[in-house]
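Descriptive analysis of the structure
This is what each chain is made of:
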Amino acid sequence: MRRIVLTGPESCGKTTLTRALGDRFRVPCAFEYARIYLEKHGPRYDYEIVHDIARGHLLHQAQQVPASCNLGFFDTDLLNFLVWCEVAFGCCEPWLREAAAAESDHVYLICQPDLPWEYDALREYPEGREVLFEKHLAAVQATGRAYRIISGSGPDRLERAIQAVTELRENC
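A brief look at the structure comes next. (Residues numbered from 1 in each chain as written. Predicted model: local features only at pLDDT ≥ 70, side-chain atom pairs only at ≥ 80, totals over all residues. Heavy atoms only, no water.)

1. Focus on the nonpolar core
It is characteristic of soluble globular proteins that their nonpolar side chains tend to be buried jointly. Just so we agree on the cut-off: Among buried residues, the Ala, Val, Leu, Ile, Met, Phe, Trp, Tyr and Cys ones that are joined through side-chain atoms within 4.5 Å form a nonpolar core. In this scheme, a residue with accessible area under 20% of its type's maximum is buried, one over 50% is exposed, and one in between is partly exposed, where area comes from a 1.4 Å probe on protein chains only. Only DSSP runs of H or I with at least four residues qualify as helices, and only runs of E with at least two residues qualify as strands; both kinds are numbered from the N terminus onward. In what follows, residue pairs with any heavy atoms lying within 4.5 Å of each other are defined as contacts.
In terms of nonpolar packing, the biggest core is built from 25 residues, with I53, F81, W84 and L96 touching the most fellow members. Of all the secondary structure elements, the ones that give two or more residues to this core are α2 (33-41), α3 (47-64), α4 (78-89), α5 (94-101), β4 (106-111) and α6 (129-143). If one sorts the elements of this core by residue count, α4 sits on top with six residues. The residues contacting F81, other than those within four sequence positions of it, are A34, V50, I53, A54, H57 and L96. L17, L71, I162 and L168 belong to the second-largest nonpolar core, a separate cluster that totals 19 residues.

As structure tokens, then:
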């Protein structure tokens with residue numbers, strides 16, 4: 001079983017690529033649960049809410065991409081919550097670190113913030129995307145898991161992502 005996670009800062013095309021890759025490879029996808037939650041409950045959150053969303057994210061992923069699937073795409077995973085907690089609060093709960101470490105079947109497409117910023121009421125860091133990219137990259141690198149960086153726009157970005165998925169599937 002392999003999970004390919006699209007991660008990176010806000011407004012870098014994760015959801016668009018997740019959808020396109022799921023269609024291309026004809027496999028299920030789990031879209032970002034934090035967005036689903038915040039759209040339903042409003043954009044305000046605190047330390048406890050972020051951790052509750054992370055728990056919901058795990059359940060959501062398991063429902064959307066069953067363990068029986070050999071391949072699936074995730075629009076973020078628990079590493080995203082680690083970065084979110086560190087940026088917003090300077091720390092996170094130990095269970096979150098342990099749970100993120102347990103996601104050993106995850107490999108990554110880390111999306112560069114080289115697309116134009118698109119306003120969204122749930123987005124908070126239009127000026128800090130490059131810093132957030134570096135934080136996501138460092139979080140992935142710290143796991144020792146395989147990854148590829150995805151850059152470019154339009155069809156080129158998708159083709160780079162397809163090539164990266166093919167490489168990750170062959171080499172991991």
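2. Remarks on the environment of S104
Inspection of the secondary structure assignment puts S104 in the loop between α5 and β4. Separated by 44 residues in the primary sequence, S104 and R148 have C-alpha atoms spaced 16 Å apart. Here S104 is in contact with R2 and R145, once residues within four sequence places are set aside.

3. Notes on the packing of aromatic side chains
Basically, it comes down to this: Note on aromatic pairs: the rings of Phe, Tyr and Trp (six-membered ring only in Trp) are paired at centre separations within 6.5 Å, and the planes decide the class, stacked below 30 degrees, edge-to-face beyond 60, tilted for the rest. The rule for a charge over a ring is simple: NZ of Lys or CZ of Arg within 6 Å of the ring centre, and within 35 degrees of the ring normal.
What the rule picks out here adds up to six aromatic pairs. An aromatic cluster of three or more residues is present, and its members are Y45, Y47, F81, W84 and F89. Above the plane of the ring of F25 lies R24, whose end atom (NZ or CZ) is 5.3 Å from the centre.

4. Looking at the sheet that holds strand β2 (residues 29-30)
Threshold: Here, strands pair whenever DSSP counts at least two bridges between them. Under this scheme, a helix contributes an axis fitted over its contacting stretch, all axes are lines through C-alpha atoms, and angles between N-to-C directions fall in the 0 to 180 degree range.
An order of β2-β3-β1-β4-β5 is seen for the five strands of this open sheet, with the pairing classed as parallel. With partners counted over all chains shown, the strands left at the sheet margins are β2 and β5 (147-150), one partner each. Pairing between strand β1 (residues 2-7) and strand β3 (residues 71-75): five bridges, direction parallel. Among the inter-strand pairings, R3 is bridged to a residue of β3, identified as G72. The strands touched by helix α1 (residues 14-25) are β1, β2, β3, β4 and β5; relative to β3, the strand with the most contacts, the crossing angle is about 165°.

5. Digging into unusual backbone geometry
Positive phi values are uncommon outside glycine, yet R26 reaches one of about 55°. Locating R26 in the fold gives a position in the loop between α1 and β2. The phi angle at T76 is positive, at roughly 80°, despite the residue not being glycine.

6. Some words on the side chain of H51
Selection rule: Definition of a polar contact: a pair of N or O atoms within 3.5 Å, with one able to donate and the other able to accept a hydrogen when the atoms are protein atoms, and with sequence-neighbouring residues admitted only if both atoms are side-chain atoms.
As for its position among the elements, H51 is in helix α3. Side-chain polar atoms of H51 contact the backbone oxygen of Y47, separated by 2.7 Å. A polar contact is formed between the side chain of H51 and the backbone nitrogen of E93, at a distance of 3.0 Å. Not counting chain neighbours up to four residues away, the residues in contact with H51 comprise C85, C92, E93, W95 and L96.

7. Digging into the packing of α4 against α6
Worth spelling out the cut-off: The labels follow the angle: roughly parallel below 35 degrees, roughly antiparallel above 145, roughly perpendicular from 65 to 115, and oblique for the rest. Crossing handedness is read from the near helix: turned anticlockwise from the far helix by less than a right angle, it gives a left-handed crossing, and turned clockwise, a right-handed one. Under the scheme applied, nonpolar residues are Ala, Val, Leu, Ile, Met, Phe, Trp, Tyr, Cys and Pro; charged residues are Asp, Glu, Lys and Arg; polar residues are all the others, including Gly.
The contact between α4 and α6 brings their axes to 10 Å, and the two run at 130°. With respect to each other, α4 and α6 are oriented oblique. Seen from above, α4 lies across α6 with right-handed handedness. Contacts between α4 and α6 pair L79, N80, V83 and V87 from the former with L132, K135, H136, A139, V140 and T143 from the latter. Classifying every residue of the contact of α4 with α6 gives six nonpolar, three polar and one charged.

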